[in-house]
Amino acid sequence: MDRRRLALVALLSFAVFTAVAIVVSGSRPVPEQGSAPWIVQGLGYLSALVAAAVLLAPGGLPGPPAGADRKLGGVLLAALAILVLLDAFAFDSSGGANIGAGFLRLVCLVGIVAVAGRLMATTVALGRRGSRP
């Protein structure tokens, strides 16, 4: 499995973990949420970190050269760092945050989706080129 495909799988697992964390968090009242949403979201952050590490790794992994991949990995790592800092500091004990923190979270998630879309497009294009005679 080449680096882009591995990073794409890790980003898709990030999306699944984030969706599960939202569902778990929304299924309980705020005072009774417990730590389950944070644990699931932490697993999502861990999978996104794996994707960033794979993209930022030097050329030892199979796949195309890492020049463009490193830029994608840098964007992914920056967005992930901001998301983790927002979860750690911006949200208070009442379960809410200010609108600026929510907008910044949205911008970071859109950045992660853009990286995943770029990886998907290049992976599909490389797969089509490799399958032609």
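Conventions and cut-offs
- Per chain, residues are indexed from 1 in the order of the written sequence.
- For this predicted model, a pLDDT threshold of at least 70 governs which residues receive local features, and a threshold of 80 or more governs which side-chain atom pairs are given and counted, while totals over whole chains, interfaces and linings are taken from all residues.
- Remark: hydrogens and water are excluded; side-chain values derive from all non-hydrogen atoms of the structure.
- The way it works is that DSSP assigns letters per residue, a run of H or I at least four long becomes a helix, a run of E at least two long becomes a strand, and they are numbered from the N terminus.
- Per-residue accessibility, obtained with a 1.4 Å probe over protein chains only, is compared with the maximum for each type, and a residue is labelled buried under 20%, exposed over 50%, and partly exposed between these values.
- Residue exposure ignores everything except the shown protein chains as possible cover, and the areas themselves are Shrake-Rupley values with a 1.4 Å probe.
- Two aromatic rings from Phe, Tyr or Trp, using only the six-membered ring of Trp, form a pair when their centres are within 6.5 Å; if the ring planes differ by under 30 degrees the pair is stacked, by over 60 it is edge-to-face, and anything between is tilted.
- Contacts between residues were defined by any pair of non-hydrogen atoms, one from each residue, lying within 4.5 Å.
- Only buried Ala, Val, Leu, Ile, Met, Phe, Trp, Tyr and Cys residues count toward a nonpolar core, and they belong to the same one when joined by side-chain atoms within 4.5 Å.
- Patches draw on residues past 30% relative accessible area with no salt bridge. Two like charges within 9 Å are joined, as are two nonpolar side chains (Val, Leu, Ile, Met, Phe, Trp, Tyr) within 5 Å.
- For this analysis, a salt bridge means a side-chain nitrogen from Lys or Arg found within 4 Å of a carboxyl oxygen belonging to Asp or Glu.

Caption draft 1: Representation of the overall build of the protein chain within the structure. Within the protein chain one finds four helices and zero strands. Walking the protein chain from its N terminus toward its C terminus, one meets helices and strands in the order α-α-α-α. By residue count, 32% of the 133 residues in the protein chain fall in the buried class. For the protein chain, the computed accessible surface area is about 7,800 Å², with 72% contributed by carbon and sulfur atoms.

Caption draft 2: Summary view of the packing of aromatic side chains. Per the stated rule, a full pass over the model turns up one aromatic pair. Pairing F14 with Y45 gives two aromatic rings, centres 6.3 Å apart and planes at 25 degrees, and the pair type is stacked. Here Y45 lies in helix α2 (residues 36-56) and F14 lies in helix α1 (residues 3-26), a separation of 31 residues in the sequence.

Caption draft 3: A look at the side chain of Q41. Inspection of the secondary structure puts Q41 in helix α2. Those residues in contact with Q41 that sit more than four places away from it in its chain are F14, T18, A21, D87 and R105.

Caption draft 4: Highlighting the environment of A81. Mapping A81 onto the fold places it in helix α3 (residues 67-90). Given the relative accessible area of 38%, A81 is considered partly exposed. Here the alpha-carbon distance between A81 and C108, two residues 27 residues apart in the chain, equals 9.4 Å.

Caption draft 5: View of the nonpolar core. Counting 21 residues, the largest nonpolar core has L11, L55, L76, I112 and L119 as its most contacted members. When residues of this core are traced back to their parent elements, those giving at least two are α1, α2, α3 and α4 (99-131). Among the elements that line this core, the one with the most residues is α2, at six residues. Excluding residues within four positions of it along the chain, L76 makes contact with L11, A48, A51, A52, L55, I112 and V115.

Caption draft 6: Geometry of the environment of G102. Along the chain, the position of G102 falls in helix α4. For the pair G102 and A90, spaced twelve residues apart in sequence, the C-alpha to C-alpha distance is 9.1 Å.

Caption draft 7: Representation of a nonpolar patch on the surface in the model. A cluster of nonpolar side chains, contributed by I39, L43, L46, L49, V50, L56 and L77, occupies part of the molecular surface with about 570 Å² of accessible area. Considering each element in turn, the nonpolar patch owes the most residues, six residues, to α2. For L46, the location among the structural elements is in helix α2.

Caption draft 8: Representation of the environment of R118 in the model. Along the polypeptide, R118 turns up in helix α4. The spacing of R118 and L8 is 110 residues in sequence and 9.5 Å in space, taken between C-alpha atoms.

Caption draft 9: Representation of the pattern of salt bridges. This model, assessed by the stated rule, comprises three salt bridges. For R3, the salt bridge is made with D69, and the minimal N-O distance between the two is 3.7 Å. One end of the pair, R3, is in helix α1; the other, D69, is in helix α3, with 66 residues separating them in the sequence. Residue R3 is classed as buried on the basis of its relative accessible area of 1%. Of the charged contacts in the structure, one is a salt bridge between D87 and R105, with a shortest N-O distance of 3.1 Å. Here D87, found in helix α3, pairs with R105, found in helix α4; they are 18 residues apart in sequence, far enough to count as distant. Overall, the relative accessible area of 18% leaves R105 in the buried class. Salt bridges here are not isolated pairs; linked through shared partners, they connect R3, R4 and D69.

Purely geometric numbers; function is a separate question.
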